[in-house]
Amino acid sequence: MKIFIDTANLDMIREINSWGILDGVTTNPSLIAKENTDTPTRVREIAKIVDGPISAECMATDWEQMVTEGEKLAAIHPNINVKLPMCVDSLKATKILADKGIRVNMTLIFSSSQALLAAKAGARYVSPFIGRLDDIGAHGTDTLAEILQILRNYDQLSDTEVIAASIRNPTHVLEAAELGCDIATIPYNILKLMVSHPKTDEGIAKFKAGNQYIIGIIPK
Ligand code: E4P
């Protein structure tokens, strides 16, 4: 499974990129606003750090402006893909952008029917929001499983990759991986949780203490 980081913070991106496990980045307008910058500026900076897909979300709300804005965002760097929120205008814009060879990440996917339509329109990625589905008492990973099954049923839809999004905990990541999801976009704090375990910390502490005896720092 490819791992993307779900942030617009450059320090977090640099740190996780240095781990050697990072395949790409997703941003959204809220994440960009937290950094007091704008999408074109920030994705240009991210592209200098990460060699992989970077999602940049359009602010336009009608399909013609989405196409214009999407073309501008995609022209920033070959790794930029255009994020559009699921709606009829986004489907129209996706078809046009995809025909021009521009990759679209259809975001705010909450149902399998939305994912099916987005893939049919030519979206390169669809992003089901697992955490926000769980928030309203639905089962996010059930929807994720259904979407994966539907897209795998058809060769014509096999170019669409599924991004497990709105991830709230390491279990969401593991459930996505068990389902064979193509990508998980994971917040920084969840990536940090995934790397640590109290028994590992305990083992490292014991190992370090043992080494101090071996190299003679602490006399036996
Ligand atoms: C995906 O690309 C989105 O940026 C993200 O996963 C949204 O998640 P949230 O529900 O934590 O805002």
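Summarised in this report is the structure supplied together with it. (Residues numbered from 1 in each chain as written. Predicted model: local features only at pLDDT ≥ 70, side-chain atom pairs only at ≥ 80, totals over all residues. Heavy atoms only, no water.)

Comments concerning a nonpolar patch on the surface
A grouping of W19, I21 and V195 is seen on the molecular surface, where their side chains present a nonpolar patch of about 250 Å² in accessible area. Structurally, I21 can be placed in the loop between α1 (10–18) and β2 (24–26). What makes I21 partly exposed here is its relative accessible area of 34%. (Patch = residues over 30% accessible without salt bridge, like charges linked within 9 Å, V, L, I, M, F, W, Y side chains within 5 Å. Areas by Shrake-Rupley, 256 points an atom, 1.4 Å probe, with all protein chains shown as cover. Salt bridge = Lys/Arg side-chain N within 4 Å of Asp/Glu carboxyl O. Helix = DSSP H or I, 4+ residues; strand = E, 2+ residues; numbered from the N terminus. Buried < 20%, exposed > 50% of the residue type's maximum accessible area, 1.4 Å probe, protein only.)

Remarks on the packing of aromatic side chains
The tally for this structure, following the rule as stated, stands at 1 aromatic pair. Over the aromatic face of Y125 sits the side chain of R124, whose NZ or CZ is 5.2 Å from the ring centroid. (Phe/Tyr/Trp six-rings, centres within 6.5 Å; stacked < 30°, edge-to-face > 60°. Lys NZ or Arg CZ within 6 Å of the ring centre and 35° of its normal.)

Some remarks on the pairing of strand β3 (residues 54–57)
Both faces of β3 are covered, namely the face carrying I54 and A56 and the face carrying S55 and E57. In this structure, β2 lies alongside β3, joined through 2 bridges in parallel fashion. Counted as the bridge partner of V25 is I54 from β3. Pairing between β3 and strand β4 (residues 80–85): 4 bridges, direction parallel. Looking at the pairing, S55 lines up with N81 of β4. This β-α-β element, β3 to helix α4 (residues 63–74) to β4, shows right-handed connectivity. (Pairing = 2+ DSSP bridges. Right-handed = clockwise from strand over helix to strand, strands pointing away.)

Describing the pattern of salt bridges
Under the defined criterion, the tally for this structure stands at 12 salt bridges. When the shortest N-O distance is used, the salt bridge between K2 and E161 registers 2.6 Å. One end of the pair, K2, is in strand β1 (residues 2–6); the other, E161, is in strand β7 (residues 161–164), and 159 residues separate them in sequence. A relative accessible area of 10% places E161 in the buried class. In this structure, a network of salt bridges that share partners links the residues K2, R124 and E161.

A few points about the nonpolar core
Counting 53 residues, the largest nonpolar core has L84, M106 and V126 as the members making the most contacts within it. Apart from residues lying up to four places away in sequence, V126 is in contact with N105, M106, I109, A115, A118, A119, I147, L151, T160, E161, V162 and I163. (Core = buried A, V, L, I, M, F, W, Y, C linked by side-chain atoms within 4.5 Å. Contact = heavy atoms within 4.5 Å.)

Some thoughts on the site of the ligand
Residues in close proximity to the ligand include D6, T26, N28, K83, F129, R132, A165, S166 and R168, which together make up its full environment. Within the contact set of the ligand, an oxygen atom lies 2.7 Å away from a side-chain nitrogen or oxygen of N28. At 3.1 Å from an oxygen atom of the ligand is found a side-chain nitrogen or oxygen belonging to R168. The fraction of the free accessible surface of the ligand (350 Å²) that becomes covered by protein chains is 84%. (Near = heavy atom within 4 Å. Polar contact = N/O pair within 3.5 Å; in protein donor to acceptor, adjacent residues only side chain to side chain.)

Considerations on the pairing of β7
What you see with β7 is no split at all: E161 and I163 on one side and V162 and A164 on the other are buried throughout. Pairing analysis gives 2 bridges linking strand β6 (residues 125–128) to β7, with the strands arranged parallel. Counterpart to Y125 in the pairing with β7 is E161. One ladder, built from 2 bridges, connects β7 with strand β8 (residues 183–186); its direction is parallel. Counterpart to I163 in the pairing with β8 is I183. In the classification by handedness, the crossover that spans β7, the intervening helix α9 (residues 170–178) and the parallel β8 is right-handed.

As for the sheet that holds strand β5 (residues 104–109)
Spatial ordering of the closed barrel is given by β1-β2-β3-β4-β5-β6-β7-β8, a layout of 8 strands whose pairing is parallel. Taken over all neighbouring pairs, the strand axes of this sheet differ in orientation by 30° on average, direction set aside. Packed onto the sheet, α4 meets β3 and β4 and runs at close to 155° relative to β4. Against the sheet, helix α8 (residues 140–152) makes contact with β5, β6 and β7, and its axis sits at roughly 175° relative to β7, the strand it touches most. (Axes fitted to C-alpha atoms, helices over the stretch in contact; angles between N-to-C directions.)

A short note on the side chain of S127
As for its placement among the helices and strands, S127 is situated in strand β6. Under the relative-accessibility criterion, S127 is labelled buried at 2%. Look past the residues within four positions of S127 in its chain and what remains in contact with it is N105, M106, T107, L108, I109, I163 and A165.

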